[in-house]
Amino acid sequence: MPLKKITPEQLMQKMQQKEQLVILDVRDKEKYNNFHIEGDNIQSLNIHKSKIFEMDKEISALPKGTEIIVTCTTGNSATKCATILSERNYDVAVLEGGLTAWKELNIGKKNNL
């Protein structure tokens, strides 16, 4: 089954509609602390991709039965991690283009105001 993907625009819509979202950022802690997607209705999780590759016990913190949006810098690591999680029956979607695309969307929005 192909992985679900979500575009930055679709994610923005969900946020504006106040949907409760779970976003899993698989970058290292330093990059995560520097910038990640935040919002009142977002549960932001940071589990490094290596822990997902190893199926570390931290993975058990992920909610089952709730869509998890997986992201990284460009989407490559997120896709690998989402594939592993999907095989273990997690409901996952990959943020297309990762945080790079997310930042571009948001910078574009600010410049169009």
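This text follows the structure it describes.
A brief report on the enclosed structure follows. (Residues numbered from 1 in each chain as written. Predicted model: local features only at pLDDT ≥ 70, side-chain atom pairs only at ≥ 80, totals over all residues. Heavy atoms only, no water.)

### Some points on the pairing of strand E5 (residues 92-95)
Here comes step 1: Going residue by residue along E5, you find Val 92 and Val 94 tucked away on one face and Ala 93 and Leu 95 tucked away on the opposite face as well.
Here comes step 2: Of the pairings in the sheet, the one linking strand E1 (residues 4-6) to E5 comprises 3 bridges and is parallel in character. Following the sheet pairing, Lys 4 is matched in E5 by Ala 93.
Here comes step 3: Strand direction decides the pairing type here: strand E4 (residues 68-71) and E5, joined by 3 bridges, are parallel. Bridging from a neighbouring strand, Ile 68 pairs with Val 92 of E5.
Here comes step 4: With helix H4 (residues 76-87) bridging E4 and its parallel neighbour E5, the resulting β-α-β unit is right-handed. (Buried < 20%, exposed > 50% of the residue type's maximum accessible area, 1.4 Å probe, protein only. Helix = DSSP H or I, 4+ residues; strand = E, 2+ residues; numbered from the N terminus. Pairing = 2+ DSSP bridges. Right-handed = clockwise from strand over helix to strand, strands pointing away.)

### Overview of the packing of aromatic side chains
Here comes step 1: One pass over the structure, following the stated rule, counts 0 aromatic pairs.
Here comes step 2: Across the ring face of Tyr 90, the terminal group of Lys 64 is positioned such that the distance to the ring centre comes to 4.7 Å.
Here comes step 3: Positioned over the ring face of Phe 35 is Lys 103, at 4.6 Å from the centre of the ring. (Phe/Tyr/Trp six-rings, centres within 6.5 Å; stacked < 30°, edge-to-face > 60°. Lys NZ or Arg CZ within 6 Å of the ring centre and 35° of its normal.)

### Re H4
Here comes step 1: The end-to-end C-alpha distance of H4, which contains 12 residues, comes to 17 Å, matching closely the 16 Å that a straight helix rising 1.5 Å per residue would cover.
Here comes step 2: Within the sequence span of H4, burial applies to Ser 77, Ala 78, Cys 81, Ala 82, Ile 84 and Leu 85. Mapping the buried residues of H4 onto a view down its axis gives an arc of 160°, with all of them on the same face. Turned more than 90 degrees away from the buried face of H4 sit Asn 76, Lys 80 and Glu 87, all of them exposed. (Expected span 1.5 Å × (residues − 1). Arc of directions from axis to C-beta.)

### Remarks on the nonpolar core
Here comes step 1: Formed by 19 residues in total, the largest nonpolar core has its most connected members in Leu 24, Ile 52, Leu 62, Ile 68, Val 70 and Leu 85.
Here comes step 2: Taken together, the elements giving at least two residues each to this core come down to strand E2 (21-25), E4, H4 and E5.
Here comes step 3: Among all residues touching Val 70, those that are not within four sequence positions of it are Leu 24, Val 26, Ala 78, Cys 81, Ala 82, Val 92, Ala 93, Val 94 and Leu 95. (Core = buried A, V, L, I, M, F, W, Y, C linked by side-chain atoms within 4.5 Å. Contact = heavy atoms within 4.5 Å.)

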